[in-house]
Amino acid sequence: MVKDAASSLTGIPEDSFQVIVSVHLGGKLEEAVDAALDAANRLAELQAKAATTSRVAARCLAEDGLTVREIGEVLGVSHQRAHQLVGRKAEKTGSRK
(Lines give C-alpha, C1' and ligand atoms only; values in the text may rest on other atoms or scores of the structure.)
Protein backbone atom coordinates (compact mmCIF):
# COMPACT_ATOMS: atom_id res chain seq x y z
CA MET A 1 0.00 0.00 0.00
CA VAL A 2 2.88 2.35 0.76
CA LYS A 3 4.41 1.69 -2.67
CA ASP A 4 1.09 2.34 -4.35
CA ALA A 5 0.58 5.58 -2.44
CA ALA A 6 4.14 6.78 -3.06
CA SER A 7 3.84 5.94 -6.73
CA SER A 8 0.53 7.77 -7.03
CA LEU A 9 1.82 10.88 -5.24
CA THR A 10 5.15 11.11 -7.06
CA GLY A 11 4.35 9.63 -10.43
CA ILE A 12 7.31 7.25 -10.08
CA PRO A 13 6.53 3.67 -11.26
CA GLU A 14 6.07 1.19 -8.40
CA ASP A 15 8.60 -1.24 -9.87
CA SER A 16 11.39 1.36 -9.85
CA PHE A 17 11.85 1.66 -6.07
CA GLN A 18 11.71 -0.32 -2.84
CA VAL A 19 10.04 0.40 0.45
CA ILE A 20 11.95 -0.93 3.45
CA VAL A 21 10.20 -1.03 6.81
CA SER A 22 12.23 -1.49 9.97
CA VAL A 23 10.95 -1.62 13.52
CA HIS A 24 12.79 0.06 16.37
CA LEU A 25 11.18 -0.91 19.65
CA GLY A 26 13.53 0.66 22.14
CA GLY A 27 13.48 0.37 25.92
CA LYS A 28 11.82 -2.54 27.67
CA LEU A 29 10.20 -3.90 24.52
CA GLU A 30 13.54 -4.24 22.77
CA GLU A 31 15.06 -5.83 25.89
CA ALA A 32 12.18 -8.34 26.07
CA VAL A 33 12.51 -9.25 22.38
CA ASP A 34 16.31 -9.55 22.67
CA ALA A 35 15.92 -11.81 25.73
CA ALA A 36 13.42 -14.01 23.90
CA LEU A 37 15.65 -14.32 20.83
CA ASP A 38 18.68 -15.06 23.01
CA ALA A 39 16.77 -17.78 24.87
CA ALA A 40 15.60 -19.31 21.58
CA ASN A 41 19.20 -19.34 20.28
CA ARG A 42 20.46 -20.97 23.49
CA LEU A 43 17.67 -23.55 23.26
CA ALA A 44 18.62 -24.41 19.68
CA GLU A 45 22.26 -24.86 20.74
CA LEU A 46 21.24 -27.11 23.65
CA GLN A 47 18.96 -29.17 21.39
CA ALA A 48 21.82 -29.70 18.96
CA LYS A 49 24.11 -30.72 21.81
CA ALA A 50 21.46 -33.09 23.20
CA ALA A 51 21.04 -34.72 19.79
CA THR A 52 24.78 -35.21 19.40
CA THR A 53 25.30 -36.64 22.88
CA SER A 54 22.25 -38.89 22.48
CA ARG A 55 23.69 -40.32 19.25
CA VAL A 56 27.04 -40.95 20.93
CA ALA A 57 25.37 -42.62 23.93
CA ALA A 58 23.11 -44.74 21.72
CA ARG A 59 26.04 -45.93 19.62
CA CYS A 60 28.09 -46.75 22.72
CA LEU A 61 25.19 -48.74 24.14
CA ALA A 62 24.75 -50.58 20.83
CA GLU A 63 28.45 -51.41 20.72
CA ASP A 64 28.08 -52.79 24.23
CA GLY A 65 25.44 -55.19 22.93
CA LEU A 66 22.17 -53.55 23.91
CA THR A 67 19.20 -53.86 21.57
CA VAL A 68 17.45 -50.77 20.23
CA ARG A 69 14.55 -51.47 22.60
CA GLU A 70 16.94 -51.51 25.54
CA ILE A 71 18.69 -48.40 24.28
CA GLY A 72 15.32 -46.69 24.03
CA GLU A 73 14.51 -47.65 27.62
CA VAL A 74 17.86 -46.39 28.89
CA LEU A 75 17.66 -43.08 27.00
CA GLY A 76 13.93 -42.57 27.61
CA VAL A 77 13.00 -42.63 23.92
CA SER A 78 11.03 -44.99 21.71
CA HIS A 79 12.83 -47.93 20.16
CA GLN A 80 12.22 -46.29 16.78
CA ARG A 81 14.05 -43.15 17.95
CA ALA A 82 16.81 -45.32 19.43
CA HIS A 83 17.16 -46.99 16.03
CA GLN A 84 17.57 -43.54 14.42
CA LEU A 85 20.14 -42.54 17.02
CA VAL A 86 22.18 -45.69 16.48
CA GLY A 87 22.17 -44.88 12.78
CA ARG A 88 22.34 -48.36 11.39
CA LYS A 89 20.07 -51.33 11.02
CA ALA A 90 19.89 -53.04 14.38
CA GLU A 91 20.83 -56.67 14.14
CA LYS A 92 19.36 -57.73 17.46
CA THR A 93 15.64 -57.73 18.12
CA GLY A 94 15.49 -59.47 21.46
CA SER A 95 17.02 -58.79 24.85
CA ARG A 96 20.66 -59.28 25.74
CA LYS A 97 21.50 -62.62 27.28
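Note on numbering: residues in each chain are counted from 1, in written sequence order. At least 70 in pLDDT is required for a residue's local features to be given in this predicted model, at least 80 for side-chain atom pairs to be given and counted, and no such filter applies to totals for whole chains, interfaces and linings, which use all residues. Excluding hydrogens and water, the side-chain figures rest on all heavy atoms present in the structure.

Caption draft 1: Representation of the overall build of the chain. The secondary structure listing takes helices from DSSP runs of H or I that are at least 4 residues long and strands from runs of E that are at least 2 residues long, numbered from the N terminus. When helices and strands are counted, the chain shows four helices and zero strands. Taken from the N to the C terminus, the helices and strands of the chain come in the order α-α-α-α. Each residue is placed in one exposure class: buried if its accessible area under a 1.4 Å probe, protein chains only, is under 20% of its type's maximum, exposed if it is over 50%, and partly exposed if it falls in between. Looking at the chain residue by residue over its 97 residues, the buried ones come to 14%. Whether two residues are in contact is decided by their heavy atoms: any pair within 4.5 Å suffices. Relative to all contacts within the chain whose residues are 6 or more apart in sequence, the contacts with residues 24 or more apart total 38%.

Caption draft 2: Main features of the pattern of salt bridges. By convention in these notes, a salt bridge is any Lys or Arg side-chain nitrogen within 4 Å of a carboxyl oxygen on Asp or Glu. By the definition in use, this model includes one salt bridge. Between Asp38 and Arg42 there is a salt bridge, and its shortest N-O distance comes to 3.1 Å. Placement of the pair is Asp38 and Arg42 together in helix α2 (residues 27-63), with a separation of four residues, close to one helical turn. By relative accessible area, Asp38 is classed as partly exposed at 40%.

Caption draft 3: Here's a closer look at the side chain of Ser7. Along the chain, Ser7 falls in helix α1 (residues 2-10). Setting aside anything within four residues of it in sequence, one finds Ser7 in contact with Ile12, Pro13, Glu14 and Phe17.

Caption draft 4: Structural detail: helix α4 (residues 79-86). Within the sequence span of α4, burial applies to Ala82, Leu85 and Val86. Down the axis, α4 shows its buried residues gathered within 95° of arc, on one side only. Packing partners of the buried residues in α4 comprise α2 and α3 (68-75). Positive backbone phi, at 80°, marks Gly87, one or two positions downstream of α4. Within this analysis, the arc is defined by the directions that extend from the helix axis to the C-beta atoms.

Caption draft 5: Looking closely at the confidence of the model for the chain. Looking at the chain as a whole, the pLDDT averages 90, with 90% of positions reaching at least 70. Looking across the chain, the model is least confident in α1, with a mean pLDDT of 91, and most confident in α3, with 97. Within a predicted model, pLDDT stands for the predictor's per-residue confidence, ranging from 0 to 100. Confidence drops under pLDDT 50 across residues 90-95; counting only partners more than four residues distant or on other chains, this segment forms seven contacts.

Caption draft 6: Representation of a nonpolar patch on the surface in the model. Each patch is built from residues that are more than 30% exposed by relative accessible area and take part in no salt bridge. Like charges join if they lie within 9 Å; nonpolar side chains (Val, Leu, Ile, Met, Phe, Trp, Tyr) join within 5 Å. What sets the accessible areas is the Shrake-Rupley method with a 1.4 Å probe; for residues, cover comes only from the shown protein chains. On the surface, Val23, Leu25, Leu29, Val33 and Leu37 cluster together to form a nonpolar patch covering roughly 470 Å² of accessible area. Tracing the backbone shows Leu29 in helix α2. On the basis of relative accessibility, which here comes to 56%, the residue Leu29 falls in the exposed class.

Caption draft 7: Representation of α3 in the model. Inspection of α3 places Val68, Glu70, Ile71 and Gly72 among the buried residues, and these make up the whole buried set. On the buried face of α3, the contacting elements are α2 and α4. Backbone geometry just downstream of α3 places Gly76 in the positive-phi region, at approximately 75°.

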